[in-house]
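# Understanding the architecture of this molecule
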Amino acid sequence: MSDKQCSTFRTTIGGQALIEGILMRGPEKQCIVVRGPEGLVVKEEELKLIRDRYPILGLPLIRGSVTFLDSMVKGVKALMFSADYFPEEDGTEEPSRFEKWLDRKLGNEKMEKLVIGVSVVMAVCFSIGLFMLLPTFLASFVERVTGSVLVRNLADAALRLAIFMTYMIAVSRMKDIRRTFSYHGAEHKTIFCYEKGLDLTVDNVRVQPKHHPRCGTSFLLVVIIVAVLVNTVIFALFPVGNVFLRMLIQLLLLPFVVGVTYEFNRYVGGHDNPVTNFLAKPGLWMQNFTTFEPDDSMIEVAIEAMRRVIPEEKGKDQW
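What counts, and where the lines are drawn
Residues numbered from 1 in each chain as written. Predicted model: local features only at pLDDT ≥ 70, side-chain atom pairs only at ≥ 80, totals over all residues. Heavy atoms only, no water. Helix = DSSP H or I, 4+ residues; strand = E, 2+ residues; numbered from the N terminus. Buried < 20%, exposed > 50% of the residue type's maximum accessible area, 1.4 Å probe, protein only. Contact = heavy atoms within 4.5 Å. Areas by Shrake-Rupley, 256 points an atom, 1.4 Å probe, with all protein chains shown as cover. Pairing = 2+ DSSP bridges. Axes fitted to C-alpha atoms, helices over the stretch in contact; angles between N-to-C directions. Salt bridge = Lys/Arg side-chain N within 4 Å of Asp/Glu carboxyl O. 1 Å grid on protein atoms, 1.4 Å probe; cavity = no way out; pocket = protein on both sides within 12 Å on 5 of 7 lines; lining within 4 Å. Points joined across faces, edges and corners; volume = space filled by probe spheres on them. Phe/Tyr/Trp six-rings, centres within 6.5 Å; stacked < 30°, edge-to-face > 60°. Lys NZ or Arg CZ within 6 Å of the ring centre and 35° of its normal. Polar contact = N/O pair within 3.5 Å; in protein donor to acceptor, adjacent residues only side chain to side chain. pLDDT = per-residue confidence, 0-100.

Helix and strand counts for the protein come out as 12 helices and four strands. The buried share among the 319 residues of the protein stands at 41%. Within the protein, residue pairs in contact and separated by at least 24 positions form 71% of the contacts whose partners lie at least 6 positions apart. Carbon and sulfur atoms make up 62% of the accessible area of the protein, which totals about 18,200 Å².

Following this line, the structure appears as C-alpha cells:
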C-alpha cells in the first residue's frame with residue numbers, strides 16, 4: 001500500500017473497551033476478545049442488523065437512533081460476557097429468592113434478555129436525565145433573577161457541558177475504569193495501524209496515536225453540543241415558560257438530535273480538510289479523559305479482535 005493510500009484509507013471497523021477485553025465490529029461480523037485468568041477467550045458472531053430487514057431504518061436521520069440503540073444492546077451483551085470471567089471476590093452469596101424465582105420463570109436465555117433490556121433502558125434514562133433534563137431544570141432557577149430567554153439558554157448550555165465533563169473526569173479517575181480506558185487506547189492504536197497498512201504487530205501498534213477522530217465515545221459530547229444548538233434555536237423562536245414542557249419537548253426532539261449527530265459524525269469521519277479537522281477537535285479533546293496508553297498485553301487483545309473482523313474482500317470496510 002502506498003503512502004497516499006495509507007494516509008487516506010478509513011475503515012468502518014470500530015470497537016468498544018470491555019472488562020479486560022475489547023469488542024471489535026466489522027462490516028460482516030463482530031468479535032469479543034477477553035484476557036481471562038487462563039488466557040485469551042474469543043467469541044465471534046455474524047452481524048445481523050435490523051436495518052437489513054427493514055431498509056427504512058437505514059435512511060438518513062433515522063439510522064442514527066437505530067444504530068445507537070443497536071450498539072448499546074450489543075455493547076451491554078459484550079460487557080456481560082467479559083464480566084463472567086471476572087467474578088467479584090465476595091461473589092459466593094446465595095441467589096436471592098427473587099433471583100431464583102426469575103430463573104425458574106424465565107430461564108437463562110430470557111433472563112439474559114431481560115437484564116440486557118433493563119440495563120439499556122436504565123443507561124439511556126440515566127444519560128438523558130443527568131445530561132439533558134437536570135441541566136434544564138436547574139437552569140429554570142435563572143428565571144427568578146432574569147426573564148431573559150437567552151440567559152436561561154446559556155445557563156442550560158453551560159450546565160450541560162459542566163455536568164458532562166465533571167462526570168467524565170470523575171469516572172476516568174476510578175482505577176478499574178482507567179484500566180478499561182487503556183483498552184480503549186489499544187483499540188484506537190490498532191485501528192490506526194490497520195488504516196496505515198502496517199502489519200498488526202505489537203511494535204507497530206504501540207507507536208500509533210491513542211486519540212482517534214472517529215471514536216464512538218465522542219458521540220455523547222457531540223449529542224450534547226447539537227442538543228444545545230437545537231434547543232437554543234427552538235426556544236428562542238418559540239419561547240416556552242413551563243420547565244416541564246421544555247423537558248418534554250427536548251425528549252421529543254432527542255431522536256432528531258441523535259440523527260443529526262450521527263450524520264455529522266459520519267460526514268466528519270469521512271472527510272479530511274481544515275473544516276472537518278476543526279469540527280473533530282472537541283471529540284479528540286474529550287478523549288484525554290476516556291483513552292489512556294495501553295500495555296502490550298492489551299494491544300495483543302486488540303490485535304486479535306481486529307484480525308478476526310477484517311473482511312476477506314479488500315475494501316469492503318471502506319468508510
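Resuming the write-up.
Further remarks concern the sheet that holds strand β2 (residues 21-25). If you trace the four strands from one edge of the open sheet to the other, you get β1-β2-β3-β4, paired in antiparallel fashion. In the strand order of this sheet, the two ends are held by β1 (14-18) and β4 (39-46), each with one partner. Pairwise comparison of adjacent strand axes, ignoring direction, gives a mean angle of 15° for this sheet. Across five bridges, β1 lies against β2 in antiparallel orientation. Residue Gly14 lies in a different strand from β2, and its bridge partner there is Arg25. The strands that helix α3 (residues 63-83) touches are β1, β2, β3 (29-36) and β4; relative to β1, the one it contacts most, it runs at about 40°.

Taken as a whole, this structure holds 16 salt bridges when the rule is applied. In this structure, Glu28 engages Lys316 in a salt bridge whose closest nitrogen and oxygen atoms are separated by 2.8 Å. One end of the pair, Glu28, is in the loop between β2 and β3; the other, Lys316, is in the segment after α12 (296-309), with 288 residues separating them in the sequence. The exposure class assigned to Glu28 is partly exposed, which follows from its relative accessible area of 29%. Its salt-bridge partner being Glu304, residue Arg308 comes within 2.7 Å of it at the nearest N-O pair. One end of the pair is Arg308 and the other is Glu304, both in helix α12 and four residues apart, which spans about a single turn. With relative accessibility at 29%, the residue Arg308 sits in the partly exposed group. Because the salt bridges share partners, they merge into one network encompassing Lys29, Glu44, Glu304 and Arg308.

Within this structure, the stated rule accounts for four cavities of 30 Å³ or more. Of the voids in this model, the largest cavity is the one considered here, and its volume is about 60 Å³. In this structure, the largest cavity is lined by Asn153, Asp156, Ala157, Arg160, Ala227, Val228, Asn231, Thr232 and Phe235. Among the elements that line the lining of the largest cavity, the one with the most residues is helix α8 (residues 219-237), at five residues.

With the rule as written, the count across this model stands at 10 aromatic pairs. Members of the aromatic cluster, connected to one another through ring pairs, are Phe126, Phe131, Phe164 and Tyr167. When the ring centre of Phe292 is taken as origin, the NZ or CZ atom of Arg178, which lies over that ring, is 3.9 Å away.

Moving on, we get to the environment of Ile169. The residue Ile169 is located in helix α5 (residues 149-172) in this model. The exposure class assigned to Ile169 is partly exposed, which follows from its relative accessible area of 28%. For the pair formed by Ile169 and Asn288, sequence separation is 119 residues and the distance between their alpha carbons is 9.3 Å.

Take Arg160: it is sitting in helix α5. A polar contact of 3.3 Å, which involves the side chain of Arg160, links it to the side chain of Thr136. If near-sequence neighbours (up to four positions away) are discounted, Arg160 is found in contact with Phe131, Met132, Pro135, Thr136, Ile224, Ala227, Val228, Asn231 and Gln250.

For any part of a model where pLDDT is low, the fine detail of the predicted coordinates should not be relied upon. Scored by pLDDT, the protein has a mean of 87; 90% of the residues are at 70 or more. For the stretch residues 1-7, pLDDT sits under 50, and the model shows eight contacts to residues farther than four places along the chain or on other chains.

As a further point, take unusual backbone geometry. Not every positive phi belongs to a glycine, and Glu20 is a case in point at roughly 55°. Structurally, Glu20 can be placed in the loop between β1 and β2. A positive phi angle, close to 75°, is found at Leu61, a residue other than glycine. You can see Leu61 is positioned in the loop between α2 (50-53) and α3.

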